[in-house]
Amino acid sequence: MRQFQTSTLEQRKTFDTDFETHPLEVAWASEAIFFVDVEQLDEGSGSLHLKVQISVDGVNWLDEGTIFEPIRGKERAFRRVSHFGGWLRLKGELLESGSLYKATIHLVIKE
Amino acid sequence: MLDYRLDKFQPLKHILCFDDFDNGLCGWTNLMPNYTLDNFGVRDSIVEKTQWGPIMLSSGTFRFSGTHGSMDGIYSLKLATRPVANPYQEPPAPGSISHAIKRLTMHRKPNRLQFEMWYAYTTEQDRSGLSENDIRAFGVSFDMQDAKARNFVGVRYVNSVNGELKKEWQVMQANDVSDNDWAYGTDGDWCKRGVDPMWYGRRYPDGRADGYQFVPDSRQELCYNESDDKINWLYLRLTYDLGERRYVELQSRDKVFDLGQFQPTDVPPYARIEGLLNPVIWIENDSDRRIFLFVDSVVISVD
């Protein structure tokens, strides 16, 4: 049987500045999917930008190249990643001040 | 043939679990509150329990040394806090604890019950220096219930209190306080005195806490090592007498502490959890950085 883990990295968490998700060790896995469930709480036009990052040690991070389409309003989305080494996280960026988003972010990993 | 992986434990007659995390998560999961209100809401509480740091399978990898691995393989169960902490005497900050739980029930007439694990702990090496003082406490316990009472039976190592090294063991036994006191002076919390001492029960700046008693003469060095990226595997054993409802002993490394003077706190049974037998492991942060507890393997046994 193949190993499998779904991890709730962030749960109904409110963000008003740039953020990074809880770093998850994924060395045993070969494929992953980030699922995001996002709700914009402010009335502005600032979007939420999410991108995948990898790391050699869980401390120093680099962009992996996978990005989400800019998110506005209420959205659910996912991105698949593979060949990621030992660690994965998402970096979230709010380009306009006053933006406020609530997000639940899952990482689903499989051997 | 001798199984060396089990030979490093001292199990009682019947082994309930032998969880080597080279084989996966083995049923250990994150602790979450009960999502039973409208829109899957949770009851209000002075302690925010939806944000504890998620657990994972770790390769024990660090920036300079590379992969540490586990005691006899690559993977260990890793409990990882978020980089937040409140002062010791306040309710733990959301995310300042990481907590793993396995959900079992009792299957034989109670006698003794034992929790053993090989583990290591360190801080995230995100800054220079040596960071032992940033780890507040870690521990193991059973959350259990029979027809008479719910009990939390456990121990924790109080490593650091507001940055000052303490390095003493405590055992779960609640002081004679009200449910209101237990919830840091709030009314109507889900929790009753004696339940969830991992985060309930007032704490005091000298390390005392309403959920715990100090084990006498229990100050102990645990081989944190000389750098945050060096981890050493440590042995822990907690034995409890279910029939007598009394602690037996704690073994940490090669030292055995008699716990015969301590008893867990009886709480009136909660609904729908009779027969509960949940082993739990947790670690609590003392500063604004992530800290980690690595568990190579666990044995739960009874006789």
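As shown above, the structure is provided for reference.
Residues numbered from 1 in each chain as written. Chains lettered and ligands numbered in written order. Predicted model: local features only at pLDDT ≥ 70, side-chain atom pairs only at ≥ 80, totals over all residues. Heavy atoms only, no water.

Let's talk about the overall build of chain A
Here is step 1 of the chain: The secondary structure content of chain A amounts to zero helices and nine strands.
Here is step 2 of the chain: The C-alpha atoms of chain A give 14 Å as radius of gyration, which agrees with the globular expectation for 111 residues (13 Å, within 12%).
Here is step 3 of the chain: Seen along its three principal axes, the alpha-carbon backbone of chain A occupies a region of about 45 × 30 × 20 Å.
Here is step 4 of the chain: Buried positions account for 48% of the 111 residues belonging to chain A.
Here is step 5 of the chain: Considering only intrachain contacts with a sequence separation of at least 6, the fraction spanning at least 24 residues in chain A is 81%.
Here is step 6 of the chain: Positive and negative charge centroids in chain A, built from 13 and 18 side chains respectively, lie 6 Å apart. (Helix = DSSP H or I, 4+ residues; strand = E, 2+ residues; numbered from the N terminus. Rg over C-alpha atoms; globule rule 2.2 N^0.38 Å. Buried < 20%, exposed > 50% of the residue type's maximum accessible area, 1.4 Å probe, protein only. Contact = heavy atoms within 4.5 Å. Lys, Arg positive; Asp, Glu negative; His and termini not counted. Charge placed at Lys NZ, Arg CZ, Asp CG, Glu CD.)

Notes on the sheet that holds strand E9 (residues 101-110) of chain A
All names here are of chain A.
Here is step 1 of the chain: In space, the four strands of this open sheet follow the order E1-E9-E4-E7, with antiparallel pairing throughout. On the outer flanks of this sheet lie strand E1 (4-15) and strand E7 (74-82), each paired with one strand and no other. Geometrically, the sheet is characterised by an average inter-axis angle of 15° between neighbouring strands, direction not taken into account.
Here is step 2 of the chain: With nine bridges joining them, E1 and E9 adopt antiparallel strand pairing. Residue pairing for E9: Phe4 is matched across the bridge by Lys110. (Pairing = 2+ DSSP bridges. Axes fitted to C-alpha atoms, helices over the stretch in contact; angles between N-to-C directions.)

With respect to the pattern of salt bridges
Here is step 1 of the chain: Tallied over the full model, the rule gives 29 salt bridges over all chains.
Here is step 2 of the chain: Lys78 of chain B is the salt-bridge partner of Glu25 of chain A, the closest N and O atoms lying 2.9 Å from each other. In this pair, Glu25 of chain A is assigned in strand E3 (residues 24-25) and Lys78 of chain B in strand E6 (residues 76-80), connecting two distinct chains.
Here is step 3 of the chain: Each of Asp126, Arg127, Asp134, Asp288 and Arg289 of chain B takes part in one network of salt bridges that share partners. (Salt bridge = Lys/Arg side-chain N within 4 Å of Asp/Glu carboxyl O.)

Some words on the interface of chain B and chain A
Interfaces are often sized by the accessible area lost when the parts come together.
Here is step 1 of the chain: Counting residues at the interface gives 30 residues for chain B, matched by 21 residues for chain A.
Here is step 2 of the chain: Close ionic contact of Glu10 of chain A with Arg82 of chain B constitutes a salt bridge, the shortest N to O distance being 3.2 Å.
Here is step 3 of the chain: Between chain B and chain A we count 14 residue pairs in polar contact (both at pLDDT 80 or more) in total.
Here is step 4 of the chain: Looking at the side of chain B that touches chain A, the elements with two or more residues in it are strand E3 (56-58), strand E4 (61-62) and E6 of chain B.
Here is step 5 of the chain: The element contributing the most residues to the side of chain B that touches chain A is E3 of chain B, with three residues.
Here is step 6 of the chain: Taken together, the residues of the side of chain B that touches chain A break down into 11 nonpolar, 13 polar and six charged. (Polar contact = N/O pair within 3.5 Å; in protein donor to acceptor, adjacent residues only side chain to side chain. Nonpolar A, V, L, I, M, F, W, Y, C, P; charged D, E, K, R; others polar.)

These figures capture arrangement, not role.
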